[in-house]
Each structure stands twice: as C-alpha cells, then as structure tokens.
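Observations on the model geometry
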Amino acid sequence: MSTGEPAHKLNYDTRWEYSPAPESADHARIDEQYGLFIGGKFVAPKSGEYFNTINPATEKVLSRVAAANADDVNNAVKVARGAYENVWSKMRPAERGKYIFRIARIIQERSREFAIIESLDGGKPIREARDIDVPLAAAHFFYHAGWADKLDYAFPCRSPSPVGVVGQIIPWNFPLLMAAWKIAPALACGNTVVLKPAETTSLTALKLAEVIRDADLPKGVVNIVTGDGSTGSALVQHNDINKIAFTGSTDVGRLIQHSLAGTGKKYTLELGGKAANIIFADAPIDQAVEGIINAIFFNQGHVCCAGSRLLVQESVADQVVTKLKERMQTLIIGDPLDKNTDIGAINSAAQLERINSYLELGQNEGAEMFQCTTKTPDFGFWCPPTLFTQVAQSHSIVREEVFGPVLAIQTFRTVDEAISKANNTQYGLSGGVWTDKGSKIFNVGKNIRAGVIWANTFNKFDPTSPFGGYKESGVGREGGLHGLSAYLNLD
Ligand code: NAP
Ligand code: MG
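Residues numbered from 1 in each chain as written. Chains lettered and ligands numbered in written order. Predicted model: local features only at pLDDT ≥ 70, side-chain atom pairs only at ≥ 80, totals over all residues. Heavy atoms only, no water.

1. A short note on the domain arrangement of the protein chain
Here the protein chain is described as being made up of domain 1 (33–271 + 473–490) and domain 2 (276–455). The distance between the C-alpha centroids of domain 1 and domain 2 comes to 30 Å. The contact between domain 1 and domain 2 buries some 2300 Å² in all, and 56% of this surface belongs to carbon and sulfur atoms. By the criterion of area lost to domain 2, the three top residues of domain 1 are Arg127, Trp172 and Ser473, representing 24% of everything that side buries. On the surface where domain 1 and domain 2 come into contact, there are 1 salt bridge. For Arg127, the salt bridge is made with Asp342, and the minimal N-O distance between the two is 2.8 Å. Where domain 1 meets domain 2, there are 13 residue pairs in polar contact (both at pLDDT 80 or more). Sort the elements by how many residues they give to the side of domain 1 that touches domain 2 and helix α4 (residues 126–147) lands first, with 5 residues. A breakdown of the residues in the side of domain 1 that touches domain 2 according to their chemical character gives 11 nonpolar, 9 polar and 6 charged. (Domains from an automatic or database assignment. Buried area = accessible area lost by both parts, 1.4 Å probe. Salt bridge = Lys/Arg side-chain N within 4 Å of Asp/Glu carboxyl O. Polar contact = N/O pair within 3.5 Å; in protein donor to acceptor, adjacent residues only side chain to side chain. Helix = DSSP H or I, 4+ residues; strand = E, 2+ residues; numbered from the N terminus. Nonpolar A, V, L, I, M, F, W, Y, C, P; charged D, E, K, R; others polar.)

2. Comments concerning the nonpolar core
With 110 residues, the main nonpolar core has Ile103, Phe141, Leu187, Leu208 and Leu324 as its most contacted residues. Among the elements that take part in this core, helix α6 (residues 175–188) stands out by supplying 11 residues, more than any other. Domain assignment of the residues forming this core places at least three in each of domain 1 (33–271 + 473–490) and domain 2 (276–455). Other than its neighbours up to four places away in sequence, Phe141 contacts Ile100, Ile103, Ala104, Ile107, Ala180, Ile183, Ala184 and Leu208. Membership of the second largest hydrophobic core comes to 23 residues, among which are Ala66, Ala68, Val236 and Ile244. (Core = buried A, V, L, I, M, F, W, Y, C linked by side-chain atoms within 4.5 Å. Buried < 20%, exposed > 50% of the residue type's maximum accessible area, 1.4 Å probe, protein only. Contact = heavy atoms within 4.5 Å.)

3. Observations concerning the sheet that holds strand β18 (residues 452–455)
Read across the sheet, 7 strands follow the order β14-β15-β16-β13-β12-β17-β18 without closing on themselves; strand pairing throughout is mixed. Across the chains shown, the open sheet's two edge strands, defined by having one partner strand only, are β14 (368–371) and β18. Here the strands of the sheet are splayed against their neighbours by 20 degrees on average, with no regard to which way each runs. Across 3 bridges, the pairing between strand β15 (residues 386–389) and strand β16 (residues 406–412) is parallel. Directly across from Leu387, in β16, lies its bridge partner Leu407. Helix-sheet contacts for helix α10 (residues 285–297) involve β12 (276–279), β13 (309–313), β15, β16 and β17 (430–434), and the interaxial angle to β12 is about 175 degrees. Strands β14, β15 and β16 of the sheet are contacted by helix α12 (residues 349–364), whose axis makes an angle of about 25 degrees with β15. (Pairing = 2+ DSSP bridges. Axes fitted to C-alpha atoms, helices over the stretch in contact; angles between N-to-C directions.)

4. With respect to the coordination of the magnesium ion (ligand 2)
For the magnesium ion (ligand 2), the protein coordination sphere consists of Ile54 (O), Asp121 (O), Asp121 (OD) and Thr200 (O), at 2.3 to 2.5 Å. For the magnesium ion (ligand 2), the single-chain donor residues occur in sequence as I-x66-D-x78-T. With Ile54 in strand β4 (residues 50–55) and Asp121 in helix α3 (residues 111–122), the pair connects residues that are 67 residues apart, well separated along the chain. (Donors = N, O, S within 2.8 Å, 3.2 Å for Na, K, Ca; no water.)

5. A word on the site of ligand 1
As a matter of local geometry, ligand 1 sits amid 28 residues, with Ile170, Glu199, Ser249, Leu271 and Glu401 nearest to it. Between ligand 1 and the protein, one listed contact pairs an oxygen atom with a side-chain N or O atom of Lys196 at 3.1 Å. Gly229 is positioned such that a nitrogen or oxygen atom in its backbone is 3.3 Å from an oxygen atom of ligand 1. Here ligand 1 has 900 Å² of accessible area as a free molecule, and 87% of this is covered by the chains. (Near = heavy atom within 4 Å. Areas by Shrake-Rupley, 256 points an atom, 1.4 Å probe, with all protein chains shown as cover.)

6. So, the confidence of the model for the protein chain
Per-residue confidence for the protein chain gives a mean pLDDT of 96, with 97% of residues at or over 70. When mean pLDDT is compared element by element in the protein chain, strand β9 (residues 222–224) scores highest at 99, while strand β19 (residues 474–475) scores lowest at 96. In the predicted structure, residues 1–10 sits below a pLDDT of 50 and forms 24 contacts with residues beyond four places in sequence or in another chain. (pLDDT = per-residue confidence, 0-100.)

7. Description of the environment of Ala94
Relative to the elements of secondary structure, Ala94 occurs in helix α2 (residues 93–109). Of the residues examined, Ala94 reaches a relative accessible area of 26% and is grouped as partly exposed. For the pair Ala94 and Ala188, spaced 94 residues apart in sequence, the C-alpha separation works out to 9.5 Å.

As structure tokens, then:
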C-alpha cells in the first residue's frame, strides 16, 4: 500500500487560526495537601508520607497527597466493615438511593470545578473533561441511584444481597469517571467501599470525597486511600475484603488474579485493549476520518478501548490515509485548559517515555511513521498524533497496547479478512465498523470477539450499557444490569 502524499505536499490550508480561549482556573479550589478520606473525614496517613501530584502540561506541583501504607488500608477496611454491618446494609434501599441521587446532583452543581481539576491533574483537554468525563460521572450516579430500591425487579426470582466490603482500584485515564463507575453500583447494591485512585490523578477522587461528605453519606460507607501500587496491593491482599474491582493494565490485572486465586473473594478486572477500527470502501469517508481521529487521538489515546489499529479496505486506503494526515495537521495541541485544544498533555513522564519507546520500536521494525508537525509546548509531556503505515501483524505497534496517540494502519480486501485481522489480538475490549450496509455491521459485529462494537461512530458510553472485555481485556462487566450483578450475591 502506498502511504499517500508525503507530508510537505498535503493541503494544510484548511487550518484555522483560533484565538486562545483558556478556561479560568480561579474557580477550582485545590488544597495544598490532602489526607486520606476515612470514616467521613480527611485524616493524616499513619505512614506520615505524602507525594506530589503535578500538572503534566506544566510540570508544576498542584498539591501533596497522602501515601497510604498497609496500616492505613487496614484502618479504611475496618471502618468500611463497620459502616457495612451497622448502617449501610441495614438501611432501606430507597434511602440509599436518595444519598446516591444527592451525590449525582452535587457533581452536576460543581461540574465546572471538577472539569478544571480533571484537566489540570491529568492533562486532558478541558473540552473532554467538561463534555464527557464529568457529565458521564453524574449520569452513572443517577442511573445507579434509580436501581437501589429496584434490585428485586432487576433480578426477578433471585434474592439479591450485597457482597460486603469492596476494594476498588482505578487508573489515571478517566479518574473521576472510573471512580463513579466503581462507587455508584457498589453503593446502590448496599456495599461499602475502599477506593484507591491512580498515583498521578488523585485529585478528583479527593474532590469526590468532599462531595460525599457534603452529601452526608453515612461515615465510612466510602473511603478513599491514595498511594501507589503498594497501596493497591495492600488492598488486594487484605483478608476482610469481599470483592476487588480493578481497572488498569493487563499485567497488574494478572498479578491481582493470581493473588486472589483460592481466596473466595469475588473480582472484576477491566484491562487493556487493542481495538480494530474497520473502514469499508462503502463508508462515508469524511465521517470515517473524523471517527478515526476520535477513536485514537481522543484523550491523547489514553483510552483502553481506543481504536489503535485501523483496518482500511485496500481500494480506499490511499484516500483515507491522505485525508487522515491532512486532518491530523489541523489538530490543536497544547494548553489543556484552552477550550480550542484537541490534544492535551501525556499523563506522566513515565507514560511519555513508554510511548516514545514504541515510536522508536515501530520505526526499527520497519514501519513508516507520520507525525503531525504542530509545535508542542516547551514544558510538560507531549506526543504529537502519530500514525504508522507499512506495518505487519508481527510488529509490536500492532500487537501491544501503546496507550498513547499512536495509530497502526493495515489494509484488507474482503470482509472475512477484516474480521480475521481484527480478531488477531490477545485483547478483546472494543471495535468499530464503518460501512453503508447494515448487514455488514451485523456480520462484523457478531464475529468480532470484543465487548463493545461501535457502528459508524466510536467511543460512545452510557451507564445503561455493559462495558468489559473478552480474552486478556478482562473479566466481568461494568454498567447496566451486568455491572450491577457484579456487586451482588444472587441466590
Ligand atoms: P496500572 O499500572 O495497571 O494501574 C492501575 C491501578 O492499579 C493504579 O491505581 C495503580 O497504582 C494500581 N496498581 C499498580 N500496581 C498494583 C498492584 N501490584 N496491585 C494493586 N494495584 C496496583 O494501569 P494504568 O497505567 O494506571 O492505566 C492504564 C491501563 O488501564 C491500560 O492498560 C488501560 O487499557 C487500562 N484501562 C482499562 C479500562 C477498562 O475498562 N478495561 C479502562 C481504563 C483503563 P499507581 O497509579 O500508583 O501505579
Ligand atoms: Mg497529576
């Protein structure tokens, strides 16, 4: 396959100059230091240790966050057990629902502050935090609040009961949203929670702790312990936890699964992905190009279900690649707080290093790299949107999760070839198909082994819809009735 026009011959005249439109951060209150949220209040860690959380777009320190050790985790689990036995599991379900509705409403009221802090702490564009992360987080609380007193109807002829104290561990790519995905169903089902956010993005979980306190949720029902992998590990190892809900990498998921084997603890694991986004020749090409941009460059590619493999039908491959490169050159990279920004900062120096190592590996393995030439800021962690052509199935950039704005492009000729290439991966979280033909959508959707398949769109989420993976993308589902059932014993 030819790779389209070289960069210097492409038509970039369509690029518009936008005046800066930065969102003011004055509205957002970030404390200099945060303790652990245990028993309804912020407490100093027994460890006595704190770590810095920085803004990855400027490398400036935003706050200091407590590092919980095994004693702190033990304290949080004890408090959660007490709240479960004495209050939450005994409360009338309709009353539980009222608290969850209240949390949802307060998130909506403080949505601007949440969006700003999410953008500052994680590097994502304010537009995404404002339009996707925060409204979806509120929607998860609203949706699950509604189920709290209807569990008998959700699972007729069963006797749903809570599982008990739940340990929850989340990653840095959608910090508030992942906390909502975990906490909302757990509470609706009558469980109490100890949640560990990711080390680089603890702030919105701590702001959520403030919301939970302001909603008057009974003390100890939700506890938030910040820290690194060792804090997560202490939570997994704790013998008074009834269930672990983990979202993160397949490597850590595998470790957790090993250490839980034989303990009788329930678990759900939402892990990595390497989704194929399939473009057929009969697709509306301009919309598909926009869809590809959304599938892989949205949130700097820090998305487990990102369309990181593009499979494009050979007859339109040159056209699609040329249009894609043109569109990539118009993307606005820079200040995440600017409302025009399309591509924000990479979440951490470590993640940028990992992405850069894949860019080098891709080229060393013989693929051809195209990177958009927009200048990136001098400080902070940045990776311009990148695509690779001339890739083979054996290349690392096709097989492994890069978790950055990096697209590997392959071609196909027939529907069967597209399906077989899409399934040629250890992962199975998501996929996309772009075509004019409904029958092709059903055929491809049925035959791709992945938890979610989007048709003529990508990266759409809804709390009513179960989300989760096949193969090494995980075990269990979150969202919808399937997600609820993971927080219940169903006799
Ligand atoms: P990660 O390194 O696996 O970390 C995830 C969480 O686990 C973090 O809070 C981390 O703490 C903690 N952790 C690290 N080592 C641990 C251990 N030994 N025991 C218990 N907890 C431990 O993943 P990440 O780099 O943050 O996130 C990216 C990954 O998440 C990608 O693979 C992505 O595909 C996946 N993801 C999946 C979904 C899904 O729904 N399937 C959604 C979002 C992300 P620290 O932050 O302190 O290291
Ligand atoms: Mg940070």
